[in-house]
Each structure stands twice: as C-alpha cells, then as structure tokens.
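# Descriptive analysis of the structure
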Amino acid sequence: RVAVAGHSFGGQLTLLEASHDRTVRAAVTFGAAAASWDGSPELRDRLIETLRGVSRPVMLIQAANDYSLTPSSAMDGELSRLSKPHVRKIYPAFGDTQTHGHNFLYFDVARWEQDVFAFLEASLTPQK
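This section reports on the structure supplied with the text. (Residues numbered from 1 in each chain as written. Predicted model: local features only at pLDDT ≥ 70, side-chain atom pairs only at ≥ 80, totals over all residues. Heavy atoms only, no water.)

### Let's talk about the sheet that holds strand E1 (residues 2–7)
Rule in force here: One requirement defines pairing of two strands: DSSP has to find at least two bridges between them. Secondary structure elements follow DSSP: runs of H or I of four or more residues count as helices, runs of E of two or more count as strands, with numbering from the N terminus. Here an angle of 0 to 180 degrees is reported between the N-to-C directions of two axes, which are lines fitted to C-alpha atoms, with helices fitted over the stretch in contact.
With respect to topology, four strands assemble into an open sheet ordered E1-E2-E3-E4, the strand pairing being parallel. For this open sheet the edge positions go to E1 and strand E4 (86–91), each flanked by a neighbour on one side alone. When the angles between neighbouring strand axes are averaged without regard to direction, this sheet yields 10°. Relative to strand E2 (residues 24–30), E1 runs parallel, the two being bridged by six bridges. When the bridges of E2 are listed, Val-4 appears paired with Ala-27.

Below, the structure written as structure tokens:
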C-alpha cells in the first residue's frame, strides 16, 4: 500500500520512481514538467518513455493556470494509448498568476484533497 506523490520536478521523479519500484501501487503528480516541458525535448521523450514502465494507476493534477497544461495532456494521451489506468484532473485557475496556479497544491488543499484521497483509496485497496 505504497504511493508516491510529487510536485513539479518532484512529479517527474514520482513517475520515474513508479516506473522502477514495483512496491509503488499508485502515483500522484502535481504539475509535473509544467515549467520545463516546452523547452526540453529530451525531458518530453524521457517522461513519455517512462510511462511505458509504469504499471500502477497514475493521477495527473494541474490548475488551469499552471505554466503549461501540455505535459499532463501528452501524458494522459500516452497512458490512454497504452491502456494504463490513470486520471487527469484540471482544476479551475488558482490565484492571479501561473506561479500561483503551479503552486495551488500548497494553498488550496481543500480543492484537491478529496479527489486525491479517493484515487488513493481506490488504487491502494487490495483487490479480492
């Protein structure tokens, strides 16, 4: 019943860990690669490749005013293509800037908390 979660660069590391560690049962990312996706083709390729090794449910989370929604859109598409369990959730804009949107997880826990814990409960409950 181990899950990993991370924000921004930590969200990228979350996916890498989930692809290698078979004890991980679920992964939650907040704004993974939102600030770096557009400027790094190597990063894009690495994260898309990483998704092939992920065998557990993944939750991709962003606020609508994050730096870029392209990473979660691309990863959602790849996970769908691979028929892997996942959820992509885009929340309404938070604050007045992209920085606020990128960091909403720290300042508006009530917005995402119920969804994340429901995802984790469904993902970590042993199957009968």
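### Considerations on the pairing of E4
To keep things clear, this is the line we draw: A crossover gets the label right-handed when its path from the first strand over the helix to the second runs clockwise, viewed with the strands pointing away from the viewer.
In terms of strand pairing, strand E3 (residues 58–63) meets E4 through six bridges, oriented parallel. Bridge pairing in E4 links Ala-63 to Tyr-91. On the question of chirality, the crossover connecting E3 to the parallel E4 by way of helix H3 (residues 70–81) is right-handed.

### A word on the packing of helix H1 (residues 9–20) against helix H2 (residues 41–53)
Geometrically, a packed helix pair is captured by the angle between its two axes and the distance between the axes. Just so we agree on the cut-off: Here a crossing is taken to be left-handed if its near helix is turned anticlockwise relative to the far helix by less than a right angle, and right-handed if that turn runs clockwise. Pairs of residues are marked as contacts when any of their non-hydrogen atoms sit within 4.5 Å. When residue character is reported, Ala, Val, Leu, Ile, Met, Phe, Trp, Tyr, Cys and Pro are called nonpolar, Asp, Glu, Lys and Arg charged, and the others, Gly included, polar.
One way to put it is that H1 packs onto H2 with a least axis distance of 8 Å and a crossing angle of 35°. Considering only the axes of H1 and H2, their crossing is left-handed. In this structure, H1 uses Gln-12, Leu-15, Leu-16, Ala-18, Ser-19 and His-20 to contact H2, whose residues at the interface are Leu-43, Arg-46, Leu-47, Thr-50, Leu-51 and Gly-53. Of the residues contributing to the contact of H1 with H2, the split by class is six nonpolar, five polar and one charged.

### Description of the pattern of salt bridges
To keep things clear, this is the line we draw: Each salt bridge in this description consists of a side-chain nitrogen of Lys or Arg and a carboxyl oxygen of Asp or Glu lying within 4 Å of one another. Burial classes follow relative accessibility: with a 1.4 Å probe on protein chains only, a residue under 20% of its type's maximum area counts as buried, one over 50% as exposed, and anything between as partly exposed.
Under the criterion given, the structure shown has five salt bridges. Between Glu-78 and Arg-81 there is a salt bridge, with the nearest N and O atoms lying 2.8 Å from each other. Of this pair, Glu-78 and Arg-81 both sit in helix H3, separated by three residues, roughly a single helical turn. Overall, the relative accessible area of 10% leaves Glu-78 in the buried class.

### Quick word on H2
Cut-off, in case you're wondering: To estimate the expected span of a helix, count its residues, drop one, and scale the result by 1.5 Å. Arc definition: directions from the helix axis to the C-beta atoms.
Taking 1.5 Å per residue, 13 residues should reach 18 Å; H2 reaches 19 Å between its end C-alpha atoms and fits that length. Three or more residues of H2 are buried, namely Leu-43, Leu-47, Ile-48, Thr-50 and Leu-51. Projection of H2 onto a plane perpendicular to its axis shows the buried side chains occupying an angular sector of 155°, all on one side. Facing away from the buried side of H2 by over 90 degrees, the exposed positions are Glu-42 and Asp-45.

### As for the environment of Asp-76
Of note, Asp-76 is situated in helix H3. When the C-alpha atoms of Asp-76 and Val-87 are compared, they prove to be 7.7 Å apart, with 11 residues separating the residues in sequence. Not counting the four nearest positions on each side in its chain, Asp-76 is found in contact with Leu-60, His-86 and Arg-88.

### Some thoughts on the nonpolar core
Rules: By nonpolar core we mean a set of buried residues, namely Ala, Val, Leu, Ile, Met, Phe, Trp, Tyr and Cys, connected to one another through side-chain atoms within 4.5 Å.
In this structure, Leu-15, Trp-37, Leu-47, Leu-51, Val-58 and Met-75 are the most contacted members of the largest nonpolar core, which totals 17 residues. Elements that contribute at least two residues to this core include exactly H1, E2, H2, E3 and H3. At four residues, the largest contribution of residues to this core is made by H2. When neighbours within four sequence positions are excluded, Trp-37 is seen to be in contact with Leu-43, Arg-44, Leu-47, Ile-48, Thr-70, Pro-71, Ala-74 and Met-75. In this structure, Phe-30, Phe-104, Trp-112 and Leu-124 belong to the second largest nonpolar core, which totals 15 residues.

Any functional reading would require information beyond the geometric quantities listed.
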